[in-house]
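Remarks on the overall topology
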Amino acid sequence: MIISHDRQTLFIGVPKNGSQTARAVLGQIGVDLVGEMGRHPTVPEAIRLAEAHFPGEAIAPTAIYAFWRDPVERFCSAVEFHKCCLPNSFIQLFPERFVGIEPHPRWFETDAETIDLDMRAVIDSISLLDILAALPPSPVPGGPFQPRGGNLSFYRPQSEWLNGAVVSTLPFTDYEAGLRQIVDRFGGDGASVEIPQINAAAGPLPKLSISEAEMLRAYYWSCPVESDEGTIISAV
């Protein structure tokens, strides 16, 4: 979703994989393509956006980067974000639980403490597996994004953003070092760049039992398979 000014390097931001922090850093030395779409573009979408931004120029990046996160940890992070920032989404997903409770005045809320206590109590009572059960089946690549509950694309498989391209995936567990590496590829100074913490979890992520983690992995049923060159064949 950020392309270098020489159009040779592309960074694809996968939701809940540090994409907002990467935007803040790489957007200073590249071209941010997210604003053109309103959500994180996939590789093909990013190429089309870059073609529109650089009319008449060939868009054929020689390097495409993305961060890869353990799907269980990523799902837990998505739930934490969902519960803090999108309270009205839960009314659409679980209307029977919110009878008599007024919607929050804003769809996106940056201050979770402003959410009505009754609404907060219901949201907090909804388990991770309840949310998982409310999501649609794992999507066909290229299909429409989650329509019910708003744009919940942060629950979609990571592979949806990376399919159809050779992508060098960097481990989310070593995020800062990986982002500094990408900054260097963009022509910046990765060693000295300041990396902020944006959308960091407010507290420890929820822990799942072994059976719960297995159910989650069953939803994201395909496993990441990558060659040494970073080609994504199948991924969660």
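Refer to the structure presented above.
Before going into details, it helps to say that this report is about the structure given with it. Quantities reported herein were computed from a predicted structural model and do not represent experimental measurements.

Considering the arrangement of structural elements, one finds E109 in the loop between α4 (87-93) and α5 (117-125). Residue classification places E109 among the buried residues on the basis of a relative accessible area of 4%. Sequence spacing of E109 and C85 is 24 residues, and the spatial spacing of their C-alpha atoms is 4.6 Å. Other than its neighbours up to four places away in sequence, E109 contacts C84, C85, P87, H104, T114 and I115. There is a polar contact of 2.5 Å between the side chain of E109 and the side chain of R106. Within the local environment of E109, its side chain forms a polar contact with the side chain of T114, the two groups lying 3.2 Å apart.

For the rest of this paragraph, the subject is the side chain of R74. Relative to the helices and strands, R74 resides in helix α3 (residues 71-85). Despite its burial, R74 remains without a salt bridge, the nearest opposite charge being carried by E160 at 8.9 Å. Residues within four places of R74 in sequence aside, it is in contact with V14, P15, K16, N17, R69, S153, F154, R156, P157, Q158 and W161.

Residue position: A63 is located in strand β4 (residues 63-68). Through-space distance from the C-alpha of A63 to that of T9 is 5.0 Å; in sequence the pair is 54 residues apart. Not counting residues within four places of it along the chain, the set of residues in contact with A63 comprises Q8, T9, L10 and R185.

This part takes up the sheet that holds strand β1 (residues 2-4). Strand pairing in a sheet is mediated by backbone hydrogen bonds. Such pairs are either parallel or antiparallel. What the five strands build is an open sheet, ordered β3-β1-β2-β4-β5; its pairing is mixed. Strands at the two margins of the open sheet, each flanked by one partner only, are β3 (30-32) and β5 (168-171). Averaged over neighbouring strand pairs, the angle between their axes works out to 25 degrees when direction is ignored. Across three bridges, the pairing between β1 and β3 is antiparallel.

Cut-offs applied
Residues numbered from 1 in each chain as written. Predicted model: local features only at pLDDT ≥ 70, side-chain atom pairs only at ≥ 80, totals over all residues. Heavy atoms only, no water. Helix = DSSP H or I, 4+ residues; strand = E, 2+ residues; numbered from the N terminus. Buried < 20%, exposed > 50% of the residue type's maximum accessible area, 1.4 Å probe, protein only. Contact = heavy atoms within 4.5 Å. Polar contact = N/O pair within 3.5 Å; in protein donor to acceptor, adjacent residues only side chain to side chain. Lys, Arg positive; Asp, Glu negative; His and termini not counted. Salt bridge = Lys/Arg side-chain N within 4 Å of Asp/Glu carboxyl O. Pairing = 2+ DSSP bridges. Axes fitted to C-alpha atoms, helices over the stretch in contact; angles between N-to-C directions.

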